[in-house]
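A structural walkthrough
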Amino acid sequence: MNQILHSKIYGEEKSGSPLLVFHGLFGMLDNWGSFGKEFGEIMPVHLMDLRNHGRSFHSEEMSHDVMAEDILRYMEHHGMQKAHLLGHSLGGKAVMQFAINYPEKVDKLIVVDIGPKAYPPHHQGIIKALESVDFETATSRSEVEEVMSQFIKERFVIQFLTKNLYWTDDKKLAWRFNLKTLSEKYEDFVSNAIKPGVYEGETLFVSGAKSNYILPEDESQIRQQFPNFQLVTIPNAGHWVQAENPTDFNRVAEEFLLGSSPL
């Protein structure tokens, strides 16, 4: 039986194309809660947990193609012919691959602070920190944070990761994401470009002014695969664009989705 991604839906009663929103690596749909509430006032919004994240199913498979298939199954499950897609970071890779594999299913595409290229491994410190937590001995959130602080100096990164903690039925802390698969298959979805192909629909790439995920030299590759694209840089924001400058990010996304240019 095909498993369906976990989601939280806002504005289900609204008309028009639904907007499916996908978080980044080690994230969850709750990271987009404020965005979902705001945009749920104007359109149906489905906040999604990617496979091996949040409350979605765990699997030993993790690649751009299987994440794209997950989106297709979700849309078919909910009877969607087309949808707007928005993806941040790893979620951006998933929606780019979906748009290339199933262009007829996409209305408008928003890709947040990620390009279609392969990226060198850069989460080794985070993975080491996560793997260093022993839930047999760490019995509180503060104890988990203390272990992780030995590897990660940025307090906000630790707070972002520990949002994934939960209590199991046998009263032990655990990670909601599938750390084993995300660690083992890391190169399949981070150190790989999305597959060749072209999506000719309207596409908005959004970068953070303080981020280096989308560089000027990346624009030629983006244009090859997404020729009908525009790139907007959000000021006062790094990689977590929607969290660091939600006012400008939300304005740009709304203008693009509702038909006026964000430029």
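Structural notes, computed from the coordinates. (Residues numbered from 1 in each chain as written. Predicted model: local features only at pLDDT ≥ 70, side-chain atom pairs only at ≥ 80, totals over all residues. Heavy atoms only, no water.)

Bringing the overall build of the chain into the picture now. Helix and strand content of the chain: 11 helices and nine strands. Taken over the C-alpha trace, the chain has a radius of gyration of 18 Å; the compact-globule value for 263 residues is 18 Å, and the two agree within 12%. Projected onto the principal axes, the alpha-carbon positions of the chain cover approximately 55 × 40 × 35 Å. Here the chain holds 263 residues, and 56% of them are scored as buried. Surface summary for the chain: the accessible area is close to 12,000 Å², and the carbon and sulfur share equals 47%. (Helix = DSSP H or I, 4+ residues; strand = E, 2+ residues; numbered from the N terminus. Rg over C-alpha atoms; globule rule 2.2 N^0.38 Å. Buried < 20%, exposed > 50% of the residue type's maximum accessible area, 1.4 Å probe, protein only. Areas by Shrake-Rupley, 256 points an atom, 1.4 Å probe, with all protein chains shown as cover.)

A separate point is the pairing of strand β8 (residues 203-208). Most of β8 sits inside the fold, with six of its six residues counted as buried. By the alternation rule, side chains of β8 split into Thr203, Phe205 and Ser207 and Leu204, Val206 and Gly208, which are all buried. Two strands pair when backbone bridges link them, and strand β5 (residues 106-112) and β8 are joined in this way by four bridges, in the parallel orientation. Each residue of the ladder has a partner; that of Ile110, found in β8, is Leu204. (Pairing = 2+ DSSP bridges.)

The next point concerns the nonpolar core. Grouped together as the largest cluster of nonpolar side chains are 62 residues, with contacts concentrated most on Leu20, Phe26, Trp175 and Phe226. Counting residues per element, this core draws most heavily on helix α3 (residues 90-101), which supplies seven residues. Not counting chain neighbours up to four residues away, the residues in contact with Trp175 comprise Leu130, Val133, Phe135, Val144, Met148, Leu161, Thr162, Asn164, Leu165 and Tyr166. One finds Tyr10, Phe35, Leu47 and Phe256 within the second-largest nonpolar core, a separate group that totals 24 residues. (Core = buried A, V, L, I, M, F, W, Y, C linked by side-chain atoms within 4.5 Å. Contact = heavy atoms within 4.5 Å.)

Below, the discussion takes up the sheet that holds β5. Pairing in this open sheet of seven strands is mixed, and the strands run β1-β3-β2-β4-β5-β8-β9 from one edge to the other. Two strands close off the open sheet at either side, each with one partner strand: β1 (7-10) and β9 (229-234). The mean inter-strand angle of the sheet, taken between neighbouring strand axes irrespective of direction, is 15 degrees. One ladder, built from four bridges, connects strand β2 (residues 19-22) with strand β3 (residues 45-48); its direction is parallel. Opposite Phe22, over in β3, you have Met48 as the bridge partner. Packing of helix α2 (residues 64-77) onto the sheet brings it into contact with β1, β2, β3 and β4 (83-88), and relative to β2 it is tilted by some 145 degrees. (Axes fitted to C-alpha atoms, helices over the stretch in contact; angles between N-to-C directions.)

Tracing the chain through its elements places His123 in the loop between β5 and α4 (124-132). The residues touching His123, leaving out its near neighbours within four places in the chain, are Leu25, Tyr186 and Tyr213.

Another point: α2. Between its first and last C-alpha atoms α2 spans 20 Å; for 14 residues at 1.5 Å apiece the expected length is 20 Å, and the two agree. Most of α2 sits out of view: 11 of its 14 residues are buried. When we look at burial in α2, the residues that qualify are His64, Asp65, Val66, Met67, Ala68, Asp70, Ile71, Leu72, Arg73, Tyr74 and Met75. (Expected span 1.5 Å × (residues − 1).)

What follows deals with the pattern of salt bridges. Across all of its chains, the model carries nine salt bridges by this definition. For the salt bridge of Asp65 with Lys195, the shortest nitrogen-to-oxygen distance reads 2.3 Å. Placement of the pair is Asp65 in helix α2 and Lys195 in the loop between α8 (186-189) and β8, with a sequence separation of 130 residues. Residue classification places Asp65 among the buried residues on the basis of a relative accessible area of 18%. The partly exposed category is assigned to Lys195, whose relative accessible area is 47%. (Salt bridge = Lys/Arg side-chain N within 4 Å of Asp/Glu carboxyl O.)

This paragraph deals with the pairing of β2. One face of the sheet, then the other: side chains in a regular strand alternate in exactly this way. Residues of β2 alternate between two faces, with Leu19 and Val21 on one and Leu20 and Phe22 on the opposite face, all of them buried. On the question of chirality, the crossover connecting β2 to the parallel β3 by way of helix α1 (residues 33-39) is right-handed. Two elements, β2 and β4, share four bridges in a ladder whose sense is parallel. Across the sheet, Phe22 pairs through a bridge with Gly87, a residue of β4. (Right-handed = clockwise from strand over helix to strand, strands pointing away.)

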